[in-house]
Each structure stands twice: as C-alpha cells, then as structure tokens.
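Below, each chain spelled out in residue letters.
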Amino acid sequence: MPLAFWALVYLHRIQPNIITYDLAPIIFGAIGILLDRQRNLLQVISHAKKEWEAIFDSFADLILVTNSEGMITRCNHAVIDRLNTRFVNVIGKPLSEILTPNQHGGADELLDDDKKGFLWFGRLYDVSTYPILVNGAKRQNLFILHDITQRVKMENNLALERNLLRTLIDNLPDRIYVKDIQGRKTISNTADWRASGGKRMEDVIGKSDFDSYPAELANKYWSDDKTVLDSAMPIINREEPGLDVQGNPVWVMTTKVPLRDEEEHVVGLVGVGRDITNQKKQDEKLRQLSRAVEQSVSTIIITDLDGDIVYANPQFTVTTGYDLDEALGKNARILKSGYTSQQDYKCLWDSIKSGREWRGEFQNLKKNGEMYWEHATISPILNEAGRITHFLAVKEDITERKRIESELVREKQFLETLSLNSPVSITVLDEVGNIVSSNSAFERMFGYMPSEIVGKNLDALISTEETLQDAVAYTRQAGAGTIHAFGKRRRKDGQLVNVELFGGPVPLAGEKNGILAIYHDITE
C-alpha cells in the first residue's frame, strides 16, 4: 500500500495531465449541476416574463413604452383595442403620431375642457409618465393613460347639479338657510342674506342671528332654534316678526326642521322663511273684493253642488225681484222659464261638474212673471284639494241688447228683401274688388248666373279694355268715399250697357270694409 501510493505520486509528478483525467468526473458533474440550475433559472425567468406580460396586457389602462428617441417599443392590448389595429401598426411608430390630441373628436359637451385631461378618440385620459432606468441600458419612458371620461362626466354632472340647486334656491323668493348646532349659518340663499342685512352671502356665513338682527328678534329666533336642535322636532309654518331688505318690519311664516348626519345625530337645522306681509295685505283686498261683489251691477250667485243658492249679491234682487231671504236655500231653478231645453241644461251641468267653465244665455222668469234675458258664466269653485265644492254664476241682464239685436235682424231682413226686389243693380265687393253678393237686377242687367258672379273681380267681369282703367280707378275711389259717374259696361253676351253708377264704402265684417256698387241702366 505505501509503495502504490508513492508510485501514484511519482506518476502524477512526471505526468501532470493525469490529474485532469482524475478530476474530469468531478468537473463534468459540477458543470451538469450548473447547467441544470441555469435551465431551471431560464424556466423561472420565462415563466415570470409570461406572468408579467399577462399582467401587462390585462391592465385596462393604456400603457406604452418608448425609447429615448420617442419611438414606441411596447404597448399593451388596451392600446391595440382602443386603436382597433395590430401591434405591427404601433410598435416602432413615434409616440406623437399615435397620441394625437383630439384625434377623431367625438367628445361630448361634458368633456369640452381639455384642461381636465388628454382628449383622445373621444375619451378623456389622465396621463402619467415614468422613466425606466436600467444600468447599462438607454433610458426608456413608460406612459400610462387612465380613462377618466366617466369620472369627469360624473364630476361635471355633480357640479352642474350643484350649480342648478344653488341657482334654484338663490332665485326662490323664500328665505332658505342652514345653521349648525351653535346657530351659525353655513348656507344662506340670496333672499335670506339680503333680509339679514348682508351685501353678499359671505356677510352672514359663519355668523348667528345675533350678528344680523336686533337682540329681541335674535333671542326669539335662537329660542326656536334651540327647541328644534334639542327636541329634534320640526317647527312648521310659524308666523313670526322679521325684517325686509330695507330693515322694515315684516311678517314671516317660518319652518325649521332638524338636519341629521348619517348616524341620525342632529347636526343643525334647515330653515325656510316666507314673507307673508303681502298675504296679510291681501286680506284687506279680499274685503275690498267682497264690497265690489256686493256693489256689482252683475248678478252674482253661489250655489252648492245641487244648485241650491247659498249666496246672492244685491243685484240679484234688482234683476229677479226675489229678496235674498227668499232666494237663499232655494234652487236656482226658481228662475226657469221653460224656454231653455233639457239638453242645454244637461250640457251646462256636464261642463261645470267636470271642472270646466260654461258660458251661455238664458231666457229666465222674474218673480213677477216677466221674461228677461241674461248671459251667464258659470264656473266650479275648488277647495285646496282640488275638489268642486260650489258653483259661481256671474250673470248680465241682456234683455235690452236682445231687443236691439232683434230689431237689427228685422232691419237686415228688410234691406235684403229690398235689395233682392229692387229694379236697381246692386252688388257688394270685398276690399280688393271681388264680388261678395249681388241682387237679381244685377244678374239680369249683365246676364250672369249667381254662380258665375261670386268671387269674380267686378271690373274684370263687366269692363271692356277701353273702360277697364277707369273702372278700376272708380272702384279704388269708392273704397275711400262715395263716387258718382257714367260709363259703359259689358254684358256676358258682349253687348255694351250705358250705366250711371254710384259707389261707396260699406262695413263688411267687423272692422273690415267692403264696397257697395249700384248701376242704373240708362241705355235709350
């Protein structure tokens, strides 16, 4: 054994390469271990890279990576989806080419303020930029675009609603305010801070009523505030003294309700005050109205739902002959004469019971049996709940008017009969000279049927070329005043008629004027 050992030592001394063969298994074993570890490390790195890429592409935010020259070297799927393109169309492109501001437009009116973000493809983004620094590598930049469209819309809508609410309460005539637990105002609308003596809202915010009102009023208000704050119970529609903008005494109807937080703790109160000074003044006006009704020359009656009279003014007695004591409690049918049909009464009751106003005329009977005409306007009277409780009738005696109208009708019929049977040719024109009506003598003189005349221009119908200009001038003059002239006019068969003509303006309908033309045949 000693001999073999020394022989081995001697052999390695004279042949050094032999040690390499001796260590080869150890070296190859170590290399194998290193290679195996390297393989495992590469697998871990590959797995981690895939995980990172999956995470990178799973972000909803748009992520881009650029090199130092601003060229895109990487982006996630969110960018590709937003552009609706492929990676090859993005990678290698300048960032400025891809992220062109306001590209394709499409932003709605809530996103018209680019200062809130970066507007791109109709969406608003919050852009964050981060440097990527790696030892031994050129600087890269990471761009993250977070879509804030919805958030900005919500913020804008919230601001719009807040502004709308503020505008609303500032334009209400009622005094609206919010006080904290110490009675200091935290919100005050225009009507309130003006009534509190302020020149602007800031003059009353943070202050109590003791800073704005006389001590007597301030103590009264604070006593009510304390009641609401301590009891957590509201005060509803309490009338109390106050001051207007000029510091004059007024009456205010006030409601105060406790303001609670999320845990239902009372943290203040909300107050609404309405100036009812004018309402109190209206009471006097109502008294004046009552006197006006009493003294009215129109008959005014109020009935219940069955038509029984519950009120009548003095004119009722003048018109009908019934004393108020006789009429109250009686049904309005005591005035019926029998000349109004049941169908007319049904229409009346159907209208007023359905809440509509009815207007019409009656031929009624006075207490002494005398007939008279009246025009009536009958309306339902509603209570605060909108229910009909009574009916109001305002009536005007039109007996005299009816008599005059009847006389006018008879006179009109007489004139029409006279015109139709007159041997003189008569026609009525509108304001532009078109025939409205004519009598039989006119039709016989010129040989036309009625259907051939109405609506036709008179001058064009019966004038020749030689007389047309004069005829038009006569018609124009007749519209302004009376005329008298002589001339020739043409019949339907072409024969000429020597005529003496008269003309002048005549009322046609209301304020509208027409022209009356009269022709005498003076042909020998």
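All figures in this text were calculated on a predicted structure; none of them were measured in a lab.

For the protein chain, the count of helices and strands is 16 helices and 20 strands. Counting all 524 residues of the protein chain, 31% fall into the buried class. Within the protein chain, contacts between residues separated by at least 24 positions form 37% of all contacts whose residues are at least 6 apart in sequence. For the protein chain, the accessible surface area stands at approximately 33,300 Å², while carbon and sulfur atoms represent 56% of it.

Attention now goes to the confidence of the model for the protein chain. Scored by pLDDT, the protein chain has a mean of 84; 85% of the residues are at 70 or more. Confidence, read as mean pLDDT per element, is least for helix 1 (residues 2–14) in the protein chain (57) and greatest for helix 7 (residues 215–231) (93). Predicted confidence for residues 104–114 stays below pLDDT 50, and this span has 19 contacts to residues more than four positions away or in other chains.

On the surface, a cluster of nonpolar side chains totalling about 270 Å² of accessible area is made up of Leu-165, Leu-168 and Leu-172. Assignment of secondary structure puts Leu-172 in the loop between helix 5 (149–170) and strand 6 (175–180). On the accessibility criterion, Leu-172 (34% relative accessible area) is partly exposed.

This paragraph deals with the sheet that holds strand 4 (residues 123–132). What holds strands together in a sheet is hydrogen bonding between their backbones, with the strands either parallel or antiparallel. Across the sheet, 5 strands lie side by side as 2-1-5-4-3; this open sheet has antiparallel pairing. In this open sheet, the two strands that pair with only one neighbour each are strand 2 (72–75) and strand 3 (118–120). Taking the axes of each pair of neighbouring strands and ignoring which way they run, one obtains an average angle of 35° across the sheet. In the sheet, strand 4 pairs with strand 5 (residues 140–147) via 8 bridges, with the strands oriented antiparallel. Directly across from Pro-131, in strand 5, lies its bridge partner Asn-141.

Glancing now at the sheet that holds strand 8 (residues 235–243). A sheet is described by the order of its strands in space; here 5 strands give the open sequence 7-6-10-9-8, paired in antiparallel fashion. Where the open sheet ends on each side, the last strands, each with one partner, are strand 7 (185–188) and strand 8. Ignoring which end each strand starts from, the neighbouring axes of this sheet average 25° apart. Most of the contacts of helix 7 go to strand 8, to which it runs at about 165°, and overall it touches strand 6, strand 8, strand 9 (249–260) and strand 10 (266–275). Helix 8 (residues 277–295) contacts strand 8, strand 9 and strand 10 of the sheet and is inclined by roughly 135° relative to strand 9.

Applying the stated criterion to the full structure yields 9 aromatic pairs. One aromatic cluster is present, built from ring pairs that chain together Trp-120, Phe-121 and Tyr-125. Sitting over the face of the ring of Tyr-177, Lys-185 holds its NZ or CZ atom 5.1 Å from the ring centroid. One Lys or Arg, Lys-336, reaches over the ring of Tyr-345 and ends 4.7 Å from the middle of that ring.

All of the buried residues along helix 16 (residues 468–478) are Ala-471, Thr-475 and Ala-478. The arc that holds every buried residue of helix 16, seen down its axis, measures 65°, which confines them to one face. Seen from the open side of helix 16, the exposed residues pointing more than 90 degrees away from its buried face are Gln-469 and Arg-476.

Across 3 bridges, the pairing between strand 3 and strand 4 is antiparallel. Considered in strand 4, the bridge of Leu-119 is made with Leu-124.

The subject of this paragraph is the pattern of salt bridges. Evaluation of the coordinates by the stated rule reveals 29 salt bridges. Note that Glu-326 is salt-bridged to Lys-367, the shortest N-O span being 2.7 Å. Pair noted here: Glu-326 is in helix 10 (residues 324–327) and Lys-367 is in the loop between strand 13 (358–365) and strand 14 (371–382), with a separation of 41 residues, a long-range link. On the accessibility criterion, Glu-326 (28% relative accessible area) is partly exposed.

How each quantity is defined
Residues numbered from 1 in each chain as written. Predicted model: local features only at pLDDT ≥ 70, side-chain atom pairs only at ≥ 80, totals over all residues. Heavy atoms only, no water. Helix = DSSP H or I, 4+ residues; strand = E, 2+ residues; numbered from the N terminus. Buried < 20%, exposed > 50% of the residue type's maximum accessible area, 1.4 Å probe, protein only. Contact = heavy atoms within 4.5 Å. Areas by Shrake-Rupley, 256 points an atom, 1.4 Å probe, with all protein chains shown as cover. pLDDT = per-residue confidence, 0-100. Patch = residues over 30% accessible without salt bridge, like charges linked within 9 Å, V, L, I, M, F, W, Y side chains within 5 Å. Salt bridge = Lys/Arg side-chain N within 4 Å of Asp/Glu carboxyl O. Pairing = 2+ DSSP bridges. Axes fitted to C-alpha atoms, helices over the stretch in contact; angles between N-to-C directions. Phe/Tyr/Trp six-rings, centres within 6.5 Å; stacked < 30°, edge-to-face > 60°. Lys NZ or Arg CZ within 6 Å of the ring centre and 35° of its normal. Arc of directions from axis to C-beta.

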